[in-house]
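A look at the structure
Listed here are the chains, written in short residue letters.
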Amino acid sequence: MSPDTPDPERTADRPGAAEQPPAEQPSGWPGGLPVPAGTPVTAPGAAPLAGHPDVVQELPGATPAPRRVGGRPVATVLGVAALLTALGVPLGLLWAWAAPGTPVRQTPDGAVYVVPQPEQPIAADGWFSLLALGFGVLSAIALWVLLRRRRGPVGLLAATLGGLGAAVVAWQVGRRIGLGTFQRLLDTAPPGTDFTKPADLRAGGVDWFGPLPLPHGNLLLAAFGAAVTYTLLAGWSRWPSLRPEPEPGEWPAPPGDGWPPPAASDGGQPQPGFSSAPEDPPAR
């Protein structure tokens, strides 16, 4: 007998050397596969193969878990921000239509206001502020509803950048409507001619710090409204993941939610995964 071979007689004399019972396997565990240490076989609400996706993939004929389809977060932010920025064109047209022009009169020294301290420039700033703030609120709500799989920092950043870009585009589009006619009359109209100066912003604009533009004033209201609205929607969400979680018995999940199907129990019925439903047992 080699020295490495255990002696049956000495082994039988050792205390506690009786044959140990085999490890208990969880219900539904595939036969022939080892049970990993620490498997919660009695945890309430825990699926038999939960937490072991590597074992499930090794099973013959097992269906791999569906992968979440979607672009990268950076591409999503840039695409949504570009779309919202493009919507600044109709926003600027609406502002130019709603904001009143300021009456001016041509004099030998140039154009002057017909009425001292006119109210039209203040009204133009007010209309732009209301439209920009409303645009930011509505865009945040639309992104929250339409981009449910991207709720979180991606949606917040996209809404903020898109609101800022839309406000700048709306300002530039709105102020240029009628600006060519105003410049022509300013250069060629004889003294005593009355005409209208198109709407422009007095409480907002863009300052340049070298090559970097810095919007200020009411150009920030669209981004402010979008950021505040999106943050409030996230804070009031009933789901910790910010995405609607399927309730028990509602599998498969609605398209676009990105929730994988749960593991099946012994009876073939799907078991709920992590859910916020009060009647669900905790998963351990």
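Further up the page is the structure itself.
Let us look at the structure shown here.

1. Brief notes about the packing of helix H3 (residues 73–86) against helix H6 (residues 153–176)
Interaxial distance between H3 and H6 falls to 7 Å at its minimum, and their mutual angle equals 30°. If you check the angle between H3 and H6, you find them roughly parallel. As H3 packs across H6, the resulting crossing turns out to be right-handed. In contact with Pro73, Thr76, Val77, Val80, Ala81, Leu84 and Thr85 of H3, H6 contributes Val154, Leu157, Ala158, Ala159, Leu161, Gly162, Gly163, Gly165, Ala166 and Val169.

2. Brief notes about the pattern of salt bridges
Across all of its chains, the model carries 2 salt bridges by this definition. The partner of Asp194 in a salt bridge is Arg105, and the shortest N-O contact between them spans 2.7 Å. Pair noted here: Asp194 is in strand E3 (residues 194–197) and Arg105 is in strand E1 (residues 102–107), with a separation of 89 residues, a long-range link. Here Asp194 falls in the partly exposed class, since its relative accessible area comes to 47%. Of the residues examined, Arg105 reaches a relative accessible area of 36% and is grouped as partly exposed. Between Asp200 and Arg175 there is a salt bridge, and its shortest N-O distance comes to 3.4 Å. Placement of the pair is Asp200 in the loop between E3 and strand E4 (204–209) and Arg175 in helix H6, with a sequence separation of 25 residues. Given the relative accessible area of 26%, Asp200 is considered partly exposed.

3. Points about the pairing of E4
Where E4 meets strand E5 (residues 212–217), 6 bridges bridge the pair, whose relative direction is antiparallel. The partner of Phe209 across the bridge, within E5, is Leu212. Linking E4 back to E5 in an antiparallel pair, the connection comprises 2 residues, with Gly210 at a positive phi of about 70°.

4. Quick look at the pairing of E1
Across the two faces of E1 the burial differs, with Thr102, Val104 and Gln106 buried and Pro103, Arg105 and Thr107 not buried at all. Summarising the sheet, E1 and E3 pair through 4 bridges and their orientation is antiparallel. Bridge assignment links Arg105 to a residue of E3, and that residue is Asp194. The pairing of E1 with strand E2 (residues 110–113) spans 4 bridges and is antiparallel.

5. As for H3
Compared with the 20 Å implied by 1.5 Å per residue over 14 residues, the 20 Å span of H3 between its first and last C-alpha is a close match. Buried within H3 are the following residues: Thr76, Val77, Val80, Ala81 and Leu84. Down the axis of H3, the sector holding all buried residues measures 120°, keeping them to one side. Counted as exposed and oriented over 90 degrees from the buried face of H3: Val74, Leu78 and Leu83. Looking at the packing, one finds that the buried side of H3 touches helix H4 (88–98), helix H5 (120–146) and H6.

6. With respect to the sheet that holds E1
Taken together, 3 strands build an open sheet; the order of strands is E2-E1-E3 and the sheet is antiparallel. The sheet terminates laterally at E2 and E3, the two strands that pair on one side only. In this sheet, adjacent strand axes meet at a mean angle of 45° when their direction is disregarded. Against the sheet, helix H7 (residues 179–188) makes contact with E1, E2 and E3, and its axis sits at roughly 140° relative to E3, the strand it touches most.

7. A word on a nonpolar patch on the surface
Nonpolar side chains collect at one region of the surface, where Leu133, Phe224, Val228, Leu232 and Trp236 lie side by side and expose about 530 Å² of accessible area between them. Looking at the nonpolar patch, the element that brings in the most residues is helix H8 (residues 221–235), giving 3 residues. For Trp236, the location among the structural elements is in the segment after H8.

8. Concerning the packing of aromatic side chains
Aromatic rings considered in pairs are described by the distance between their centres and by the relative angle of their planes. The final tally for this structure, using the stated rule, is 3 aromatic pairs. Ring geometry for Trp95 and Phe128: centres 5.1 Å apart, planes at 75°, overall edge-to-face. Of this pair, Trp95 sits in helix H4 while Phe128 is found in helix H5, placing the two residues 33 residues apart along the sequence. One exposure class covers both Trp95 and Phe128, and it is buried. Here the aromatic rings of Phe182 and Phe195 are separated by 5.7 Å at their centres, their planes lie at 55°, and the arrangement is tilted. Of this pair, Phe182 sits in helix H7 while Phe195 sits in strand E3; the two residues are 13 residues apart in sequence, bridging distant segments of the chain. You'll find Phe182 and Phe195 in the same group, each marked buried.

Calculation notes
Residues numbered from 1 in each chain as written. Predicted model: local features only at pLDDT ≥ 70, side-chain atom pairs only at ≥ 80, totals over all residues. Heavy atoms only, no water. Axes fitted to C-alpha atoms, helices over the stretch in contact; angles between N-to-C directions. Helix = DSSP H or I, 4+ residues; strand = E, 2+ residues; numbered from the N terminus. Parallel < 35°, antiparallel > 145°, perpendicular 65-115°, else oblique. Left-handed = near helix turned anticlockwise from the far one by under 90°. Contact = heavy atoms within 4.5 Å. Salt bridge = Lys/Arg side-chain N within 4 Å of Asp/Glu carboxyl O. Buried < 20%, exposed > 50% of the residue type's maximum accessible area, 1.4 Å probe, protein only. Pairing = 2+ DSSP bridges. Expected span 1.5 Å × (residues − 1). Arc of directions from axis to C-beta. Patch = residues over 30% accessible without salt bridge, like charges linked within 9 Å, V, L, I, M, F, W, Y side chains within 5 Å. Areas by Shrake-Rupley, 256 points an atom, 1.4 Å probe, with all protein chains shown as cover. Phe/Tyr/Trp six-rings, centres within 6.5 Å; stacked < 30°, edge-to-face > 60°.

All quantities given are derived from atomic positions and should not be read as evidence of function.
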